[in-house]
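Spelled out from the first residue to the last, the chains are:
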Amino acid sequence: MIISVIGTGYVGLVSGTCFSEMGNSVTCVDKNKEKIRQLNQGIVPIYEPGLEGLIQRNQKNKNLFFSTSIKDSVKHSDIIFIAVGTPTLDNGAADLIQVREVAKEIGRSITKKTLIVNKSTAPVGTCNLIQGIISKELIQRNLSLAFEVISNPEFLKEGDAISDFMKPDRIVIGVDSEDAFQLMKELYSPFFRTRDRFIRMDVKSAEMTKYAANAMLATKISFINEIANICELVGADVNQVRVGVGSDSRIGYNFIYPGIGYGGTCFPKDISALIKLSLKHNYEPKLLASVDEVNEGQKKLFLKKLLSRFGEDLSNFTFGIWGLSFKPETDDMRKSPSIFIVNQLCKRGAKVRVYDPKSMKNAKEKYFSKLDLFYGENKYQIIENIDALILLTEWKEFRSPDFSELKSKMRLPIIFDGRNQYNAFDLNKKDFEYYQIGKNKYG
Ligand code: NAD
């Protein structure tokens with residue numbers, strides 16, 4: 001099939017590349033000229049394990065192309081995917097400006113029967129909106145073309161995106177017509193060699209499914225964080241509680257790890273958009289609002305813990321940070337709790353030394369360009385003479401560090417662990433002062 005994917009971010013680039021790997025002819029389009037220039041040279045602008053090799057192979061095989069022109073690419077396409085950003089407006093709702101722009105350009109460019117598939121996470125009603133924008137453009141062109149807009153929400157996880165896309169748990173297709181459903185089945189069938197995992201539903205339900213899935217996952221995280229905060233106060237250990245709770249098969253272990261809260265592009269913005277959508281329909285979503293509130297509070301509680309150890313004025317202290325990305329295996333720092341923590345430490349006069357395996361460029365250029373930080377080349381370089389090590393992202397390389405080396409280089413053997421990576425008993429035996437989430441230091 002001939003496919004255009006509009007938007008070459010984490011979702012568009014991964015989806016387009018994986019479709020090309022299955023033998024389709026795919027053009028990934030982006031309005032960011034620098035991104036496309038790099039991709040045309042085989043340089044991948046984001047870090048996603050396994051992606052670079054796949055892109056280079058499919059470029060070489062002439063299955064995968066990059067372009068800045070929607071017009072040129074969609075003319076010959078059977079299917080057009082929309083995978084642009086849907087960030088948060090100041091009022092909390094989803095900003096659909098990128099989706100609208102793309103819909104308009106599609107309406108101005110298509111020349112034959114085309115299936116338009118929305119992969120961007122967007123409020124219920126967005127497919128209708130896209131349909132309306134395209135129809136209007138076609139009327140202005142005096143053209144009557146058969147086209148259909150359907151919803152195919154994406155569930156990939158950054159850091160594991162290739163495997164998620166290649167071996168999906170399910171493909172949700174929100175569609176009204178049988179033809180469109182069959183075309184999507186044909187496209188996705190190579191991804192299911194063993195069994196069919198298509199879930200067909202109406203368009204609005206598919207749009208809602210994506211929000212509901214993210215809201216459920218975020219709820220699990222905020223739930224365990226709330227339990228963790230209570231554990232700390234009453235002298236229980238959330239690490240033990242988590243094991244006891246997760247062993248119930250109705251609950252399970254996934255997504256009940258306590259920490260400094262979720263970040264990233266999806267959960268915060270999607271919860272906010274869903275809240276806004278509900279309010280627009282005169283429903284007050286109390287649970288969703290609390291999920292967000294607990295999450296926001298989590299990084300503040302972590303900071304409070306640190307300040308009660310060192311005081312409000314941090315000008316005599318140096319801190320080392322391990323991990324800046326919002327989760328491991330990605331360079332994405334959007335809404336990462338590290339942004340709040342690093343800024344708060346600097347604001348109080350602390351010297352801050354940071355290290356992350358993949359986010360250093362993003363940190364320097366996009367997030368901390370105004371701060372005077374020391375950027376280490378490896379995890380041990382930043383621990384020299386620090387008063388405390390602060391772990392913010394659970395990258396594998398932080399899981400089992402050489403604690404003797406840490407102790408010999410740090411000014412004070414203190415660790416604040418925002419991801420509960422270490423064993424408190426072992427660290428106390430090694431004479432570390434160890435703080436984690438949901439467990440009293442002496443508990
Ligand atoms: P992103 O911000 O990384 O990428 C979006 C891309 O779209 C950018 O490269 C931007 O330049 C491009 N773009 C914007 N307007 C354009 C236009 N008019 N023409 C061409 N290109 C244009 O976004 P992302 O993380 O890939 O997410 C895309 C969508 O998928 C969002 O709605 C998001 O919520 C959803 N989603 C994201 C993830 C994830 O893990 N990142 C997972 C599932 C769903």
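Please read these numbers as outputs of a predicted model, since none were measured by experiment.

(A) Structural context of the overall build of the protein. For the protein, the helix and strand inventory stands at 16 helices and 14 strands. In terms of C-alpha radius of gyration, the protein reaches 24 Å, essentially the compact-globule figure of 22 Å for 443 residues. Taken along the three principal axes of its C-alpha coordinates, the protein extends 75 × 45 × 45 Å. Of the contacts made within the protein by residues no fewer than 6 positions apart, 72% connect residues no fewer than 24 positions apart.

(B) Looking closely at the UniProt feature "active site" (unreviewed entry) in the protein. Following the UniProt record, the feature "active site" (unreviewed entry) maps to Cys 266 here. Tracing the backbone through its elements, the reader meets Cys 266 in the loop between helix H10 (238-246) and helix H11 (267-280). Among the residues examined, Cys 266 registers 24 C-beta atoms within 10 Å and is labelled buried. Ignoring sequence-local partners within four residues, the contact set of Cys 266 consists of Thr 121 and Asn 214.

(C) Structural view of the site of the ligand. Neighbouring the ligand are 26 residues, the closest being Gly 7, Gly 9, Val 11, Ser 120 and Thr 121. Of the residues that constitute the shell around the ligand, the class distribution is 9 nonpolar, 11 polar and 6 charged.

(D) Broad picture of the UniProt feature "domain: UDP-glucose/GDP-mannose dehydrogenase C-terminal" (unreviewed entry) in the protein. The positions that UniProt labels "domain: UDP-glucose/GDP-mannose dehydrogenase C-terminal" (unreviewed entry) are, in the present scheme, residues 320-424. A helix fraction of 26% and a strand fraction of 17% characterise residues 320-424, whose end C-alpha atoms lie 19 Å from each other.

(E) Just the sheet that holds strand S12 (residues 388-391), in detail. The 6 strands are arranged S11-S10-S9-S12-S13-S14 in an open sheet whose pairing can be described as parallel. Strands at the two margins of the open sheet, each flanked by one partner only, are strand S11 (374-375) and strand S14 (433-435). As defined by bridge partners, strand S13 (residues 414-417) adjoins S14 across 3 bridges and the pair is classed as parallel. Looking at S14, one finds that Phe 416 is bridged to Tyr 435. Helix H13 (residues 337-347) rests against strand S9 (318-322), strand S10 (351-355) and S12 of the sheet, and its axis sits at about 155° to S10.

(F) The arrangement of unusual backbone geometry in detail. Phi is positive for Glu 329, which is not a glycine, with a value near 65°. Positive phi, normally seen in glycine, also occurs at Lys 335, with a value near 55°. The topology assignment puts Lys 335 in the loop between S9 and H13. Note on Lys 335: 19 C-beta atoms within 10 Å, which makes it partly exposed.

(G) Quick peek at the pairing of strand S5 (residues 114-118). Counted residue by residue, S5 has 5 buried out of 5 residues, so it is predominantly covered. In S5, alternate side chains face the same way, and those of Thr 114, Ile 116 and Asn 118 on one face and Leu 115 and Val 117 on the other are all buried. Relative to S5, strand S4 (residues 79-82) runs parallel, the two being bridged by 4 bridges. Among the inter-strand pairings, Phe 81 is bridged to a residue of S5, identified as Val 117. In this fold, the crossover linking S4 to S5 by way of helix H5 (residues 97-109) has right-handed handedness.

(H) The arrangement of the environment of Phe 191 in detail. Looking at where Phe 191 falls in the secondary structure, it is placed in the loop between helix H8 (178-188) and strand S8 (198-201). Overall, the presence of 16 C-beta atoms within 10 Å leaves Phe 191 in the partly exposed class. Taking C-alpha positions, Phe 191 is 29 Å from Lys 358, a pair spaced 167 residues apart along the chain. If near-sequence neighbours (up to four positions away) are discounted, Phe 191 is found in contact with Met 166 and Pro 168.

(I) Inspection of the packing of helix H1 (residues 10-21) against helix H3 (residues 51-60) at higher detail. In contact at an axis separation of 10 Å, H1 and H3 are set at 50° when each is read in the N-to-C sense. As the angle between them shows, H1 and H3 are arranged oblique. As for the relative orientation of H1 and H3, their crossing is left-handed in sense. Here Val 14, Thr 17, Ser 20 and Glu 21 of H1 come into contact with H3, specifically with Leu 51, Leu 54, Ile 55 and Asn 58. By residue class, the composition of the contact of H1 with H3 is 4 nonpolar, 3 polar and 1 charged.

(J) Representation of the confidence of the model for the protein in the model. Per-residue pLDDT for the protein has a mean of 96; in total, 99% of the residues score no lower than 70. Interface scoring of the predicted complex returns ipTM 0.99; its pTM is 0.95.

(K) Looking closely at the pairing of S4. Residues Ile 79 and Phe 81 point to one face of S4 and Ile 80 and Ile 82 to the other, with burial holding for every one of them. Relative to S4, strand S1 (residues 2-6) runs parallel, the two sharing 4 bridges. Opposite Ser 4, over in S4, you have Ile 80 as the bridge partner.

(L) Molecular detail of the packing of helix H9 (residues 203-234) against H10. Running from N to C, H9 and H10 point in directions that differ by 135°, and their axes come no closer than 9 Å. With respect to each other, H9 and H10 are oriented oblique. The crossing of H9 and H10 is right-handed. Listed contacts from H10 to Ile 224, Ile 227, Ala 228 and Cys 231 of H9 are Val 238, Val 241 and Arg 242. Residues belonging to the contact of H9 with H10 are distributed by class as follows: 6 nonpolar, no polar and 1 charged.

Each value, and the rule that gives it
- Residues numbered from 1 in each chain as written.
- Predicted model: local features only at pLDDT ≥ 70, side-chain atom pairs only at ≥ 80, totals over all residues.
- Helix = DSSP H or I, 4+ residues; strand = E, 2+ residues; numbered from the N terminus.
- Rg over C-alpha atoms; globule rule 2.2 N^0.38 Å.
- Contact = placed C-beta atoms within 7 Å.
- UniProt positions renumbered as here; feature names shortened; annotations may be inferred.
- Buried ≥ 20, exposed ≤ 12 C-beta atoms within 10 Å, placed from the backbone.
- Near = placed C-beta within 6 Å.
- Nonpolar A, V, L, I, M, F, W, Y, C, P; charged D, E, K, R; others polar.
- Pairing = 2+ DSSP bridges.
- Axes fitted to C-alpha atoms, helices over the stretch in contact; angles between N-to-C directions.
- Right-handed = clockwise from strand over helix to strand, strands pointing away.
- Parallel < 35°, antiparallel > 145°, perpendicular 65-115°, else oblique.
- Left-handed = near helix turned anticlockwise from the far one by under 90°.
- pLDDT = per-residue confidence, 0-100.

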